[in-house]
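The chain contents come next:
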Amino acid sequence: STLPEKMLVFIPGGKVPNQRYVQTAKVIQQSADQLKLWVVIPAVFQRLCIISCSTASLCSPLHSSVESALDMAKEKGWTRGTDSVDTWLAGHSLGGVCANTLFQAYSKQGSDFPYAGLIVMGSYVDEDGDFDLTNYPKPVLTLNVELDGGLARPGKTAVWWRQFLALQAAKGEEYALIHKPVIVLPKLNHSDFCPGFDVAGDLPAEVPQAEATAEIGSVVGAFLHAQAAAPAAPVVAALREKVAWTRQLLAPYLKAQDYERRPARGGSGGAEGVSPWCAEAQHIIAGLCNKDDARLSVEDGFHVKSTDLEHCHPNWTAAAGGLVVRSCSHADYYPDVDNTGSITAASEIACKLLSSARVAQQMNTTAAEPEVDCREINRRAVRLAESIAAPSTLARYKKSGRGWCFLPDAPVAGDIGPLWVFSSQLKLVSNATCMAVTSSVLKTELDGKIYPGNHYCKVLSPARVLDWMMTDSLKREGSQVEFVPGDGSAAFGNSLWI
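Keep in mind that what you see is a predicted model, and the values were worked out from it rather than measured.

1. A look at the overall build of the protein
Inference 1: Regarding its fold elements, the protein presents 17 helices and 17 strands.
Inference 2: Along the three orthogonal principal directions, the C-alpha set of the protein runs to about 85 × 45 × 40 Å.
Inference 3: Per-residue burial for the protein yields a buried fraction of 54% across its 498 residues.
Inference 4: For the protein, the share of sequence-separated contacts (at least 6 apart) that also reach a separation of at least 24 residues comes to 75%.
Inference 5: Accessible surface computed for the protein: about 20500 Å², of which carbon and sulfur atoms make up 52%.
Inference 6: Side chains of the protein carry 45 positive and 52 negative charges; the gap between the two charge centres is 2 Å.

2. Things to note about the sheet that holds strand β11 (residues 403-406)
Inference 1: With respect to topology, three strands assemble into an open sheet ordered β11-β14-β13, the strand pairing being mixed. Two strands bound the open sheet, and with one partner strand each, they are β11 and β13 (427-430). Between one strand axis and the next, the sheet turns by 25° as a mean value, whatever way the strands run.
Inference 2: As defined by bridge partners, β11 adjoins strand β14 (residues 434-438) across four bridges and the pair is classed as parallel. The partner of C405 across the bridge, within β14, is A436.
Inference 3: With respect to the sheet, helix α14 (residues 374-388) is in contact with β11 and β14, its orientation differing from that of β11 by roughly 170°.

3. A few points about the confidence of the model for the protein
Inference 1: On average, residues of the protein carry a pLDDT of 93, and 94% of them reach 70 or more.
Inference 2: Note on residues 479-493: pLDDT under 50 across the span, and 31 contacts to partners over four residues away in sequence or across chains.

4. Here's the deal with the environment of P408
Inference 1: Tracing the sequence through the fold places P408 in the loop between β11 and β12 (410-411).
Inference 2: Sequence separation between P408 and T438 is 30 residues; the distance between their C-alpha atoms is 6.3 Å.
Inference 3: Ignoring any residue separated from it by four or fewer positions in sequence, one finds P408 in contact with R375 and T438.

5. What to know about the packing of aromatic side chains
Inference 1: Considering all chains together, one arrives at 12 aromatic pairs under this definition.
Inference 2: Aromatic side chains W88 and F223 sit 5.6 Å apart centroid to centroid with 80° between the ring planes, which places their arrangement in the edge-to-face category. Residue W88 is found in strand β3 (residues 87-92), and its partner F223 is found in helix α8 (residues 209-226); the two are separated by 135 residues along the sequence.
Inference 3: Among the aromatic residues, those joined into a cluster by ring pairs are F103, F113, Y115, F131 and Y136.

6. Section: the pairing of β13
Inference 1: With four bridges connecting them, β13 and β14 associate as antiparallel partners. Its bridge partner being in β14, K427 is matched across the sheet by T438.
Inference 2: Joining the antiparallel neighbours β13 and β14 is a turn of three residues.

7. Structural notes on the state of the cysteines
Inference 1: In this structure the tally under the stated criterion is six disulfides.
Inference 2: Put simply, C278 and C351 are joined by a disulfide, and their sulfur atoms are 2.0 Å apart. A torsion of -80° about the S-S bond marks the disulfide between C278 and C351 as left-handed. Here C351 lies in strand β10 (residues 346-354) and C278 lies in helix α10 (residues 276-286), a separation of 73 residues in the sequence. Here C278 matches C351 in class, with each residue buried.

8. Digging into α10
Inference 1: Of all 11 residues making up α10, nine are buried, and the element is well covered by its neighbours.
Inference 2: Trailing α10 by a residue or two, G287 shows a phi angle of about 65°, which is positive.

9. Here we look at the nonpolar core
Inference 1: Counting 123 residues, the largest nonpolar core has L62, I119, M121, L143, V220, I377 and W404 as the members making the most contacts within it.
Inference 2: What I119 contacts, discounting residues up to four positions off in sequence, is L8, L89, A90, G91, L141, V220, F223 and L224.
Inference 3: Membership of the second largest hydrophobic core comes to 11 residues, among which are A286, V298, V359 and M363.

10. A look at the packing of α8 against helix α9 (residues 233-258)
Inference 1: It is the contact of α8 with α9, at a shortest axis distance of 9 Å, that shows an interaxial angle of 130°. The angle between the axes of α8 and α9 places the two elements in the oblique class. Like other packed secondary-structure pairs, α8 and α9 cross with a definite hand, here left-handed. Contact with α8, carried on its side by E215, V219, A222, F223, H225 and A226, involves V235, A238, L239 and K242 of α9 and no other residues of that element.
Inference 2: For the contact of α8 with α9, the per-class residue count stands at seven nonpolar, one polar and two charged.

Thresholds, definitions, all that
- Residues numbered from 1 in each chain as written.
- Predicted model: local features only at pLDDT ≥ 70, side-chain atom pairs only at ≥ 80, totals over all residues.
- Heavy atoms only, no water.
- Helix = DSSP H or I, 4+ residues; strand = E, 2+ residues; numbered from the N terminus.
- Buried < 20%, exposed > 50% of the residue type's maximum accessible area, 1.4 Å probe, protein only.
- Contact = heavy atoms within 4.5 Å.
- Areas by Shrake-Rupley, 256 points an atom, 1.4 Å probe, with all protein chains shown as cover.
- Lys, Arg positive; Asp, Glu negative; His and termini not counted.
- Charge placed at Lys NZ, Arg CZ, Asp CG, Glu CD.
- Pairing = 2+ DSSP bridges.
- Axes fitted to C-alpha atoms, helices over the stretch in contact; angles between N-to-C directions.
- pLDDT = per-residue confidence, 0-100.
- Phe/Tyr/Trp six-rings, centres within 6.5 Å; stacked < 30°, edge-to-face > 60°.
- Disulfide = S-S within 2.5 Å.
- Core = buried A, V, L, I, M, F, W, Y, C linked by side-chain atoms within 4.5 Å.
- Parallel < 35°, antiparallel > 145°, perpendicular 65-115°, else oblique.
- Left-handed = near helix turned anticlockwise from the far one by under 90°.
- Nonpolar A, V, L, I, M, F, W, Y, C, P; charged D, E, K, R; others polar.

Written out as structure tokens, the structure reads:
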């Protein structure tokens, strides 16, 4: 054959027998029909590549397994070329994490890189630094799926989608498409990458396995073809189509995240930005009629540290027949040690607001709804998320998802401000029918002795609502993402060549 000869090293996911990737590998080969593509699927110790490659400095056992698999391919007729041009690393799930670590382990400063590039499926590269998507020194395909029930869910993939958009803005659409595409495939699940192995906690796929495998193969094949010196227009168009669908899925999530915090504009807000959602929350809590609400302006000040939020207190200034309120905000996030967190939305947004009574007093009016509580802000967050969600997200959620239950606000003990800041939290509890949400509240009366006329709420982020809609609302109560042995066969297997 006169076709260019390439090698794809496919690292298996956690506890998945490498035989489960044979069909996926074969379809990738068929799709990459302009290449003479070999694929090896190394056997890894205890079917957990992370044992053999926990960090870049402790990755030699996995590297040895890869080299053994490549030696097997050489015995079958593969001609080893220049690895940095001809050998690609790929991995599914935990295997994608290990592939990323292996690439880093054998990279050297400058331009000496061990492989031609990286393909991560149901997985991702670093969140920041030299090996995030933006800075990765070789081409990377991030190929994830809409119905991933675990760590590579759409809400998590949004991290690298945002980086893809930054790269597109800096270097142009075609460069980003060819070198760093981020693609989410509709209706597929995490288990579709390893036919016959069902990952516990995954969501049900909505297409037959054969169709899912063909879709995966076509995208990987197009990406590999796109690395040619002059990629054919249909190849680039195929990637562009997949990226366009990803854009409409994830654009609402990025928009929802921006409600948590964005940079200050025009000198308003705090030096660390503003929370548009807390600004909106002030309007909600005020409970004014439309005419009066138009005279209320809110300038929020965001604080990265909760200690700074503690010392910020809402205040106001009368202006041109209206009122300018300066609110205070902060957001807390779920743990994400070494990129292992699955939810990227804020776990809560803390808003320090003026009470409805204080706003009405200063505007010399009467509130139309003077008893609005934090719970109403949560209702509005859900309403907003549903209004901006992608069509597939909303339709599936309305058909199969568990909704929300809005419980009464929980007052902080003794109306003590520092307790509200540091000890109280938004409470989320999922059950068989809904996600129950309870806000922590601290509200002082106009004649109170300490910071009178304030209303503090810890509330739901619209992005947290969208993450729930896209993923966990679709699960049965009690299901969780975990990786378990599939067929009871021996944990030690042989490397495969295809």
